[in-house]
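So you can see what is in the structure, the chains are spelled out below.
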Amino acid sequence: MQVKFTIDYDLIELVDAIGLDYDIVDAKSDLIDDYKEIEITIDEVEYHLGDDDGINLTDDDLCANLLNETLCEGLIYTQRIYD
């Protein structure tokens, strides 16, 4: 399984400090011009978690286990991609 996390751009410094690979994407917002979000993709989730438990975790728990608990505060969307 692969997971793509979309996170608020305000956390970019934390993402850099942790050393995660990410993409910056343009997002639509009615309130903010030039709004951006961070996308972080994790491959082989089962490997990182040690088993298939990732399928049963909530989005916040999956984020905390794979990324960082603080990043979960800025979690916008989680997309699970099954092979």
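Calculation notes
Residues numbered from 1 in each chain as written. Predicted model: local features only at pLDDT ≥ 70, side-chain atom pairs only at ≥ 80, totals over all residues. Heavy atoms only, no water. Pairing = 2+ DSSP bridges. Helix = DSSP H or I, 4+ residues; strand = E, 2+ residues; numbered from the N terminus. Contact = heavy atoms within 4.5 Å. Buried < 20%, exposed > 50% of the residue type's maximum accessible area, 1.4 Å probe, protein only. Lys, Arg positive; Asp, Glu negative; His and termini not counted. Salt bridge = Lys/Arg side-chain N within 4 Å of Asp/Glu carboxyl O.

1. Focus: the pairing of strand E3 (residues 36–42)
In summary, the side chains of a regular strand alternate between the two faces of the sheet.
Alright, step 1. Of the strand pairs in this sheet, strand E1 (residues 2–8) and E3 are connected by six bridges, and their pairing is antiparallel. Looking at the pairing, Phe5 lines up with Ile40 of E3.
Alright, step 2. Across four bridges, the pairing between strand E2 (residues 23–26) and E3 is antiparallel. Looking at E3, one finds that Val25 is bridged to Glu37.

2. Some details on unusual backbone geometry
Alright, step 1. A positive phi angle is found at Asp34, which is not glycine, with a value near 55°.
Alright, step 2. Locating Asp34 in the fold gives a position in the loop between E2 and E3.
Alright, step 3. Although it is not a glycine, Glu44 sits at a positive phi angle of roughly 50°.
Alright, step 4. Mapped onto the fold, Glu44 is located in the loop between E3 and helix H2 (45–49).

3. A closer look at the side chain of Thr6
Alright, step 1. In this structure, Thr6 sits in strand E1.
Alright, step 2. The contact partners of Thr6, leaving out residues within four places of it in the chain, are Glu37, Ile38, Glu39, Gly74, Leu75, Ile76 and Tyr77.

4. Section: the side chain of Glu37
Alright, step 1. Mapped onto the elements, Glu37 comes out in strand E3.
Alright, step 2. Despite its burial, Glu37 pairs with no opposite charge; the closest candidate is Lys4, at 10 Å N-O.

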